[in-house]
Amino acid sequence: ACEPEPEPEPSVEALAAREAEEAARVEAIERSRKEAQEARRARKAASDAASLKANQAARVASLREAKEKEGAAAAATAAMVSEIAERLEFELVAGRTFVEVLQKVGVTVALDGVEFGSDEEEQVVAKAVRRALVIYHPDRAVQKGLGVSETLEATETYKLLQNLHAEWLEER
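Predicted model, so just to flag it, every value in this text is computed and none were measured. (Residues numbered from 1 in each chain as written. Predicted model: local features only at pLDDT ≥ 70, side-chain atom pairs only at ≥ 80, totals over all residues. Heavy atoms only, no water.)

1. A few points about the overall build of the protein
Secondary structure summary: the protein contains 5 helices and 0 strands in total. The C-alpha atoms of the protein give 44 Å as radius of gyration, which overshoots the globular expectation for 172 residues (16 Å, by more than 25%). Put simply, the protein has 172 residues, and 20% of those count as buried. Summarising the internal contacts of the protein: among those between residues at least 6 apart in sequence, 59% fall at separations of at least 24. With 24 positive and 34 negative side-chain charges, the protein shows a spacing of 3 Å between the two charge centroids. (Helix = DSSP H or I, 4+ residues; strand = E, 2+ residues; numbered from the N terminus. Rg over C-alpha atoms; globule rule 2.2 N^0.38 Å. Buried < 20%, exposed > 50% of the residue type's maximum accessible area, 1.4 Å probe, protein only. Contact = heavy atoms within 4.5 Å. Lys, Arg positive; Asp, Glu negative; His and termini not counted. Charge placed at Lys NZ, Arg CZ, Asp CG, Glu CD.)

Set out below in structure tokens:
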């Protein structure tokens with residue numbers, strides 16, 4: 001019977017060539033894997049950048065809208081303050097003395113038997129002013145849970161009383 005002839009041993013050059021081919025194939029596979037990885041990273045970076053840009057645009061739009069609302073609210077508040085100040089000036093101050101204004105806001109000023117222009121008069125009025133300022137203090141209005149309009153009215157009354165008291169003191 002015929003036995004197959006044993007294959008001749010590959011030569012050193014052939015083995016080196018096969019190893020070189022295998023190394024080149026492994027290198028090509030590795031290069032291809034790295035390129036794919038880089039492509040995935042580039043796509044993710046582009047996607048992240050687009051997402052970031054979209055989020056930034058949405059945030060800018062949201063801030064603009066909030067600023068517009070804030071501006072409108074500030075304008076409305078300024079209009080309310082102006083209207084309240086005019087009304088207080090007309091209802092409280094028009095043609096009244098400072099003592100009459102204090103009485104109009106509900107603070108008793110006990111000037112019976114007190115000499116006009118005396119230090120005692122100044123002390124009695126100062127005490128009445130302190131009571132009025134406590135009543136109309138803006139923080140107190142907030143603590144009471146009053147609405148915006150009522151708080152603004154208390155604030156404007158407070159400012160008006162302070163200004164009137166300063167004027168009264170200057171006139172003395």
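Now that the structure has been shown, we can carry on.
2. What to know about helix H1 (residues 12–93)
In a regular helix each residue adds 1.5 Å, so 82 residues correspond to 122 Å; H1 covers 116 Å between its end C-alpha atoms and thus fits that length. Buried residues along H1 sit against helix H2 (98–104) and helix H5 (148–171). Following H1 by one or two positions, Gly 95 has its phi on the positive side, about 75°. (Expected span 1.5 Å × (residues − 1).)

3. Focus: the layout of surface pockets
The calculated volume of the largest pocket comes to roughly 200 Å³. Of all the secondary structure elements, the ones that give two or more residues to the lining of the largest pocket are H1, helix H4 (138–143) and H5. Here the residues of the lining of the largest pocket sort into 8 nonpolar, 1 polar and 6 charged. (1 Å grid on protein atoms, 1.4 Å probe; cavity = no way out; pocket = protein on both sides within 12 Å on 5 of 7 lines; lining within 4 Å. Points joined across faces, edges and corners; volume = space filled by probe spheres on them. Nonpolar A, V, L, I, M, F, W, Y, C, P; charged D, E, K, R; others polar.)

4. Some details on the packing of H1 against H5
One way to put it is that H1 packs onto H5 with a least axis distance of 9 Å and a crossing angle of 50°. Classified by the interaxial angle, the pair formed by H1 and H5 is oblique. When you trace H1 past H5, the crossing you get is right-handed. Contacts from Thr 77, Met 80, Val 81, Ile 84, Ala 85, Arg 87, Leu 88, Glu 89, Leu 92 and Val 93 of H1 reach H5 at Val 148, Ser 149, Leu 152, Glu 153, Glu 156, Thr 157, Leu 160 and Leu 164. In terms of residue class, the contact of H1 with H5 is made up of 11 nonpolar, 3 polar and 4 charged. (Axes fitted to C-alpha atoms, helices over the stretch in contact; angles between N-to-C directions. Parallel < 35°, antiparallel > 145°, perpendicular 65-115°, else oblique. Left-handed = near helix turned anticlockwise from the far one by under 90°.)

5. Quick notes on a negative patch on the surface
Where like charges cluster on the molecular surface, the negative patch consists of Glu 89, Glu 167, Glu 170 and Glu 171. Take the negative patch: its biggest share by element is 3 residues, from H5. With respect to the helices and strands, the residue Glu 89 is situated in helix H1. (Patch = residues over 30% accessible without salt bridge, like charges linked within 9 Å, V, L, I, M, F, W, Y side chains within 5 Å. Areas by Shrake-Rupley, 256 points an atom, 1.4 Å probe, with all protein chains shown as cover. Salt bridge = Lys/Arg side-chain N within 4 Å of Asp/Glu carboxyl O.)

6. Some words on H5
Look at H5: 34 Å from first C-alpha to last across 24 residues, which is about the 34 Å you get at 1.5 Å a residue. Three or more residues of H5 are buried, namely Thr 151, Leu 152, Ala 154, Thr 155, Glu 156, Thr 157, Tyr 158, Leu 160, Leu 161, Leu 164, His 165 and Trp 168. In this structure, the buried residues of H5 make contact with H1, H2, helix H3 (119–135) and H4.

7. Points about the environment of Pro 4
Looking at the element boundaries, Pro 4 is found in the segment before H1. The exposure class of Pro 4 is exposed, given its relative accessible area of 71%. Each C-alpha atom of the pair Pro 4 and Gly 71 lies 98 Å from the other, and the pair is 67 residues apart in sequence.

8. A closer look at the side chain of His 165
Summarising the element assignment, His 165 is placed in helix H5. Apart from the residues within four sequence positions on either side, His 165 is in contact with Phe 98, Val 125, Ala 126 and Val 129.

9. Some thoughts on the side chain of Glu 121
Secondary-structure assignment places Glu 121 in helix H3. Sequence-distant contacts of Glu 121, that is, excluding residues within four places in its chain, are made with Leu 111, Val 114, Glu 115, Phe 116, Trp 168 and Arg 172.

10. A few points about the packing of H3 against H5
The geometry of H3 relative to H5 is characterised by a closest axis approach of 10 Å and an angle of 170° between their N-to-C directions. The angle between H3 and H5 places the two elements in the roughly antiparallel class. For the pair H3 and H5, contact is made by Glu 121, Glu 122, Val 125, Ala 126, Val 129, Ala 132 and Leu 133 and by Tyr 158, Leu 161, Gln 162, His 165, Trp 168 and Leu 169, respectively. By residue class, the composition of the contact of H3 with H5 is 9 nonpolar, 2 polar and 2 charged.

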